[in-house]
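Descriptive analysis of the structure
Residues per chain, in single letters:
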Amino acid sequence: MRLLAEKDLPTYQHSLRVGALCKRMAAYLHLDEQQTSQLVQGGCLHDIGKVGIPDGILNKTSPLTPGDWAFIRQHPEVGTTIMLEHGDVDKEIIEIIQYHHERWNGEGYPHGLKGYEIPVFARICAIIDTYDSMVSDRPYRRGLSFEEAEQELLRHSGTQFDSYYVDLFLNLFHTVGVNPISQELHE
Ligand SMILES: [Fe+2]
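Note that the structure is a prediction, hence the values are computed from the model and not measured.

Definitions and limits used
- Residues numbered from 1 in each chain as written.
- Predicted model: local features only at pLDDT ≥ 70, side-chain atom pairs only at ≥ 80, totals over all residues.
- Heavy atoms only, no water.
- Helix = DSSP H or I, 4+ residues; strand = E, 2+ residues; numbered from the N terminus.
- Buried < 20%, exposed > 50% of the residue type's maximum accessible area, 1.4 Å probe, protein only.
- Disulfide = S-S within 2.5 Å.
- Expected span 1.5 Å × (residues − 1).
- Polar contact = N/O pair within 3.5 Å; in protein donor to acceptor, adjacent residues only side chain to side chain.
- Core = buried A, V, L, I, M, F, W, Y, C linked by side-chain atoms within 4.5 Å.
- Phe/Tyr/Trp six-rings, centres within 6.5 Å; stacked < 30°, edge-to-face > 60°.
- Lys NZ or Arg CZ within 6 Å of the ring centre and 35° of its normal.

**As for the environment of Val18**
- In this structure, Val18 sits in helix α2 (residues 9-28).
- With relative accessibility at 0%, the residue Val18 sits in the buried group.
- With 25 residues separating them in the primary sequence, Val18 and Gly43 have C-alpha atoms 5.5 Å apart.

Right under this line is the structure:
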């Protein structure tokens with residue numbers, strides 16, 4: 001995480017928010033302590049492979065070229081390699097890093113896994129990752145409102161995302177309030 005903070009601060013901050021949301025989701029799903037730790041660690045580390053992307057691509061303000069995208073799309077595999085070199089890391093954590101860009105309909109990357117072939121924590125992380133990216137401000141655009149992000153998740157539910165967990169994730173917000181996370185992060 002320190003490496004990521006030094007390399008790419010916005011991705012580091014996004015990763016912390018994803019980890020915090022994963023913790024909320026784990027509590028909502030009544031996961032046990034070990035599963036909670038795996039989901040949270042995987043959420044925090046899902047984009048760790050971005051440490052391997054050249055700064056010139058990460059910090060680019062002009063539109064990305066197909067070659068840039070090819071580089072960026074390698075980050076799940078790069079992250080997996082980094083974690084495997086780290087030694088004793090739970091398989092469930094590595095699976096989140098490796099598969100968080102897979103899509104329910106098989107149109108994701110890097111492996112084109114489909115439906116239940118995608119490990120469940122990676123399916124959950126994909127929803128939370130996308131949600132946080134949508135509601136976060138970027139230098140070039142303001143983040144979406146919760147209601148707009150909710151509509152986007154529902155629009156891609158059952159195609160990009162596992163609809164079962166989209167519904168649970170949105171229920172979590174409707175149950176505990178729209179934005180309990182940002183306050184927690186400031187504490
Ligand atoms: Fe990613």
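The rest of the description comes next.
**What about the state of the cysteines?**
- Under the defined criterion, the tally for this structure stands at zero disulfides.
- Summary of cysteine pairing: Cys22 is not part of a disulfide, and the nearest cysteine sulfur, belonging to Cys125, is at 5.1 Å.
- Cys22 gets classed as buried once you look at its relative accessible area, which sits at 0%.
- Summary of cysteine pairing: Cys44 is not part of a disulfide, and the nearest cysteine sulfur, belonging to Cys22, is at 7.5 Å.

**Some remarks on helix α10 (residues 163-176)**
- Its 14 residues place the ends of α10 20 Å apart at the C-alpha level, agreeing with the 20 Å of an ideal helix rising 1.5 Å per residue.
- Its side-chain oxygen at 3.0 Å from the backbone nitrogen of Tyr164, Asp162 defines the N-terminal cap of α10.

**Focus on unusual backbone geometry**
- Of the consecutive residues Tyr109 and Pro110, the connecting peptide bond is found in the cis state with omega at 5°.
- For Pro110, the position within the fold is in the loop between α7 (91-99) and α8 (120-135).
- Backbone geometry at His30 places phi at a positive 55°, although glycine is not the residue there.
- Among the secondary structure elements, His30 is positioned in the loop between α2 and α3 (33-45).

**With respect to the nonpolar core**
- Judged by nonpolar contacts, the single largest core of 28 residues is most densely connected at Met25, Ile128, Tyr131, Leu153 and Phe169.
- Where this core is concerned, the elements lending two or more residues are α2, α3, α8, α9 (146-155) and α10.
- For this core, the element with the highest residue contribution is α8, accounting for eight residues.
- In this structure, Leu4, Val89, Ile94 and Ile97 belong to the second largest nonpolar core, which totals eight residues.

**Some details on the packing of aromatic side chains**
- Within this structure, the stated rule accounts for seven aromatic pairs.
- On the basis of an interplanar angle of 45° and a centroid distance of 5.0 Å, the ring pair of Tyr131 and Phe173 is categorised as tilted. Of this pair, Tyr131 sits in helix α8 while Phe173 sits in helix α10, and the two are 42 residues apart along the sequence. No difference in accessibility class separates Tyr131 from Phe173, as the two residues are buried.
- Aromatic side chains Phe169 and Phe173 sit 4.8 Å apart centroid to centroid with 80° between the ring planes, which places their arrangement in the edge-to-face category. Taken together, the residues span about one helical turn, with Phe169 and Phe173 both in helix α10 at a distance of four residues. Summarising the burial analysis for this pair, Phe169 and Phe173 share the class buried.
- Connected via pairs of aromatic rings, a cluster forms that spans Tyr131, Phe146, Phe169 and Phe173.
- Here the basic side chain of Arg73 rests over the ring of Tyr109, its NZ or CZ set 4.4 Å away from the ring centre.

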